[in-house]
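Report on the structure
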Amino acid sequence: MSLEQFSIAVLLTFLAVAAIGIIVLRDLLAAVILTGLYSLIAAGAFVVMDAMDVAFTEAAVGSGISTILFLGALSFTKHDQKPRGNDSWLALLFVVVTGGLLIYGTLDMPPYGSATSPAQTHPQLAKRFIEQSGDEVGPPNIVTSVLASYRGYDTLGETVVVFTAGVAVMGLLGLKRRRPEEELPEHAPGDTPHEPGHDNDRMT
Amino acid sequence: MPDFVLVLLTGLAWVLMLIGCVFVVAGGVGLLRLPDLYTRLHAAGVTDTGSTIFMLLGMVIIALVEYQNPWIAAKLILILFFTLFTTPTCSHALAKIALLSGLVPIDENGKPILASPKLAKKMALSRKPKEGFEADDEGDNSNKDGAS
Amino acid sequence: MFVAAVLALLATMVLTIVRALLGPTLYDRLSAVNSFGTKIMLFIAVFGFLTGRPEFLDIALVYSLINFVATVAVLKFYEYDDLGSGAYQEDDY
Amino acid sequence: MDWLGLYNYWVVIVLMMAGLYILIARYNMVKKMIGLSIFQTSIFFLYITMSKVEGGTAPILIDDPSVVYSNPLPHVLILTAIVVGVATTAVALALTVRVYEAYGTIEEDEIRAANAAEQDA
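The shown structure was predicted, so the numbers you read here are calculated from the model rather than taken from an experiment.

A tally of regular secondary structure across chain A gives eight helices and zero strands. The linear arrangement of helices and strands in chain A, starting from the amino end, is α-α-α-α-α-α-α-α. The buried share of chain A, taken over its 204 residues, is 46%. The long-range fraction of contacts in chain A, counting pairs at least 24 apart against all pairs at least 6 apart in sequence, stands at 50%.

Here it is in structure tokens:
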């Protein structure tokens, strides 16, 4: 087992542990922080799997922007999840059975790193991109060539999606700031001022 | 470049990297084992900065000697530069806001050094943290060698 | 040498994740995540050298900045209870 | 080494199921969004796992004809997916904020109870 394989196995195990941690933790802010951790691990794993550009994007978007988006949403809403949610055996059973079936399905998959998997041996795409993009498009980074030239319309569509999302968010939230604390039904005016943090997550 | 200088520089890079490794592991153990937030923060902050300095300097030497690529070295120096700014700033902000939220540091016997969380908030907002906030004895109870 | 560094970093990541999961306070988790970011940054740099393609340091560079942004955002949110406001209100305390 | 070759897929499935479980069993909408983003990341890993070639290196051209590159196409698809994913996350969180303004809560069961009470009245 090479060091590369070992690293990827360890990093993926970290990911699974972080995901379980996100399930178990009740405090929402802690879950958001763990999501940031999760994105960091994911980006590290992408680097080991040779996906440099994906790691780059995941670091900037997943760990940076997503965390801030979640925090923004939390700052508009109540940010402590009450200890609720049905940890029923039914949900767990459903998830375990589905996961078991999917794992049974992976037994036919090509192993990690196999050079003869269908994704690698498709006669036109990857080979052509790798062999010709240097001459046809120019930049040494093949991913950039494919993204901006061969699949340029795809990227245009992506930009449209992001634009639409931006318009939608603005339309939903309005451009002016709101302070929803004033119209909260639970917090009557003159209630106790909000202490930073929550008592159940605080060492005394 | 003469041969022995090359060997010497590679050896120096080795030593720097190994010191960095020791720092990293010591920081991890400190983060896990130390008793309260501030000591853990000390372990994490100090060793993060230290290990980054040593490891990146080792890599700079290798980039210059083995790869002979000054761009790589420049990037490494840039990373080092940013880390030297960001890590201490993060540690400072964390410690300050923890104090501001009323988390009282403990001394080596596990006792809080301040009487109440209110004092911790006051101490965080004060410009002169030593004055009038200590419980009784002046604080020579700094957790020395917290990381190791 | 790089192998030793990778192993040390992976071992430390285990300890850091345990601290991030255990807590007990939010600040512990934050400092663990921050420290984890530094470790991942070092890991990527070392891994680039290990595979003989140290051109990938740009990602490590991005990491050293992103790490900071996320931590400070969480702290700012936690302290002021929103991401936009400015200075202290000293009489709050 | 067959076992190790499939380990990636297994972790992908564990992550997927973790996200699904959060979606099913947690009532808080922000938590549900976190679950969705975990689910999303598992799909990213599925694609990137398939793109990797043993002994390959990142698809950035270097002057060495013998070098093997990993497949760049899944990287491109996932690059697009990450950005679109964060856009949809933003919209969903904005909707969550609107729900909070309308109902005063983002817990699913409380919203259901409020709706039921409104219908009874």
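Glancing now at the packing of aromatic side chains. The full count for this structure, using the stated rule, is six aromatic pairs over all chains. Between C:Phe43 and C:Phe47 the ring centres are 5.6 Å apart and the planes differ by 25 degrees, which places this aromatic pair in the stacked class. Remark: C:Phe47 and C:Phe43 occur in helix H2 (residues 26-50); sequence separation between them is four residues, near one turn of the helix. The exposure classification of C:Phe43 matches that of C:Phe47, with both residues buried. Taken together, B:Phe81, B:Phe82 and B:Phe85 form an aromatic cluster joined through their ring pairs.

Contact residues are listed per partner, giving 78 residues for chain D and 95 residues for chain A. Approximately 8,100 Å² of surface area, both sides summed, lies buried where chain D meets chain A, with 73% of it carried by carbon and sulfur atoms. Per-residue buried area on chain D facing chain A is highest for D:Tyr21, D:Lys52 and D:Tyr100; these three make up 8% of the total on that side. Applying the counting criterion to the chain D and chain A interface returns two salt bridges. Residue A:Glu4 is joined to D:Lys52 by a salt bridge in which the shortest nitrogen-to-oxygen separation is 2.9 Å. Here chain D is connected to chain A by 12 residue pairs in polar contact (both at pLDDT 80 or more). At the level of secondary structure, the elements contributing two or more residues to the side of chain D that touches chain A comprise helix H1 (2-25), helix H2 (29-51), helix H3 (72-103) and helix H4 (108-120) of chain D. If one sorts the elements of the side of chain D that touches chain A by residue count, H3(D) sits on top with 24 residues. Of the residues in the side of chain D that touches chain A, the class split is 52 nonpolar, 17 polar and nine charged.

Moving on, we get to the packing of helix H2 (residues 37-67) of chain B against H2(C). Contact geometry of H2(B) with H2(C) gives a least axis separation of 10 Å together with a crossing angle of 10 degrees. Taken together, the axes of H2(B) and H2(C) lie roughly parallel to each other. Here the contact of H2(B) with H2(C) is built from residues that sort into 15 nonpolar, six polar and four charged.

As a further point, take the environment of A:Val143. Note on placement: A:Val143 falls in helix H7 (residues 142-150). Remark: the alpha-carbon pair of A:Val143 and A:Val54, spanning 89 residues in sequence, is separated by 9.6 Å. Those residues in contact with A:Val143, other than ones at most four positions away along the chain, are A:Asp53, D:Pro59, D:Pro72, D:His75, D:Val76 and D:Leu79.

Here the focus is the side chain of C:Thr16. Secondary-structure assignment places C:Thr16 in helix H1 (residues 2-22). When sequence neighbours within four positions are dropped, the list of residues in contact with C:Thr16 reads B:Leu31, C:Ala32, C:Ser35, C:Phe36 and C:Lys39.

To continue, consider H3(D). Residues and elements named next belong to chain D. Across its 32 residues, H3 extends 46 Å between first and last C-alpha, which sits within 8% of the 46 Å expected from 1.5 Å per residue. The N-capping residue of H3, defined by a side-chain oxygen 3.2 Å from the backbone nitrogen of Leu73, is Asn71. Looking one or two residues past H3, Gly104 carries a phi angle of roughly 80 degrees, positive in sign.

All right, on to the pattern of salt bridges then. Enumeration over the complete set of coordinates arrives at nine salt bridges over all chains. Here D:Glu101 makes a salt bridge to D:Arg98, at a shortest N to O gap of 3.3 Å. With D:Glu101 and D:Arg98 both in helix H3, this residue pair falls three residues apart, about one helical turn. Of the charged contacts, one joins D:Glu108 and D:Arg112 as a salt bridge, the two residues approaching to 2.8 Å between their closest N and O atoms. Here D:Glu108 and its partner D:Arg112 are both found in helix H4, four residues apart, which amounts to about one turn of the helix. The exposure class assigned to D:Arg112 is exposed, which follows from its relative accessible area of 55%. What emerges from the salt-bridge pattern is a single network uniting A:Glu4, A:Asp50 and D:Lys52.

The subject of this paragraph is the environment of A:Tyr150. Residues and elements named next belong to chain A. Looking at where Tyr150 falls in the secondary structure, it is placed in helix H7. A C-alpha to C-alpha distance of 8.7 Å links Tyr150 and Phe129, two positions 21 residues apart in sequence. The residues touching Tyr150, leaving out its near neighbours within four places in the chain, are Arg128, Phe129, Gln132, Ser133, Glu136, Val137 and Ser145. Within polar-contact distance, the side chain of Tyr150 engages the side chain of Glu136 at 2.5 Å.

Here we take up the confidence of the model for chain B. Averaged over all residues, the pLDDT of chain B equals 79, while 83% of them reach at least 70. Note that residues 135-148 of chain B has pLDDT below 50 and, in this model, 17 contacts with residues that lie over four places away or in other chains.

Another point: the packing of H2(B) against H1(C). The description of two packed helices rests on the angle between their axes and on the distance between the axes. Direction vectors running N to C along H2(B) and H1(C) enclose 160 degrees, while the axes themselves pass 13 Å from each other. With respect to H1(C), the element H2(B) is oriented roughly antiparallel. The handedness of the crossing between H2(B) and H1(C) comes out as left-handed. Within the contact between the two elements, H2(B) uses B:Arg40, B:Met55, B:Met59 and B:Ile62 and H1(C) uses C:Phe2, C:Ala5, C:Leu9 and C:Arg19.

Definitions and cut-offs
All chains use their own residue numbering, which begins from 1 and follows the written sequence. Ligands are numbered from 1 and chains lettered from A, in the order in which they are written. In keeping with the model being predicted, local features are shown solely for residues with a pLDDT of at least 70 and side-chain atom pairs are shown and tallied solely at 80 or more, while totals for entire chains, interfaces and linings include all residues. The side-chain quantities take in all heavy atoms of the structure and omit both hydrogens and water. Segments assigned H or I by DSSP are reported as helices when at least four residues long, segments assigned E as strands when at least two residues long, and all are numbered from the N terminus. Buried means the residue's accessible area, taken with a 1.4 Å probe over protein chains only, is under 20% of the maximum for its type, while exposed means over 50%, and partly exposed covers the values in between. Throughout, a contact is declared for two residues whenever any of their heavy atoms are within 4.5 Å. The pairing test for Phe, Tyr and Trp rings, Trp by its six-membered ring, is centres within 6.5 Å, and the orientation test on the planes gives stacked under 30 degrees, edge-to-face over 60, and tilted for anything in between. The term buried area means the drop in 1.4 Å probe accessible area that two parts suffer when joined, counted for both and summed. Basic side-chain nitrogens of Lys or Arg form a salt bridge, by our definition, when they fall within 4 Å of a carboxyl oxygen of Asp or Glu. Contacts described as polar in this section are N or O atom pairs within 3.5 Å, which, within protein, must combine one atom able to donate a hydrogen with one able to accept it, while residues neighboring in sequence count only if both atoms come from side chains. Here the nonpolar group is Ala, Val, Leu, Ile, Met, Phe, Trp, Tyr, Cys and Pro; Asp, Glu, Lys and Arg are the charged ones; every other residue, Gly included, is treated as polar. Geometry is summarised by axes, namely lines fitted to C-alpha atoms with helices restricted to the contacting stretch, and by angles between N-to-C directions that run from 0 to 180 degrees. Oblique is the label for any angle not covered by the other classes, which are roughly parallel (under 35 degrees), roughly antiparallel (over 145) and roughly perpendicular (65 to 115). Take the residue count of a helix, subtract one, and multiply by 1.5 Å to get its expected span. Values of pLDDT, ranging from 0 to 100, describe the predictor's confidence in every residue of the model. For a crossing to be left-handed, the near helix must be turned anticlockwise from the far one by less than a right angle; the clockwise case is right-handed.

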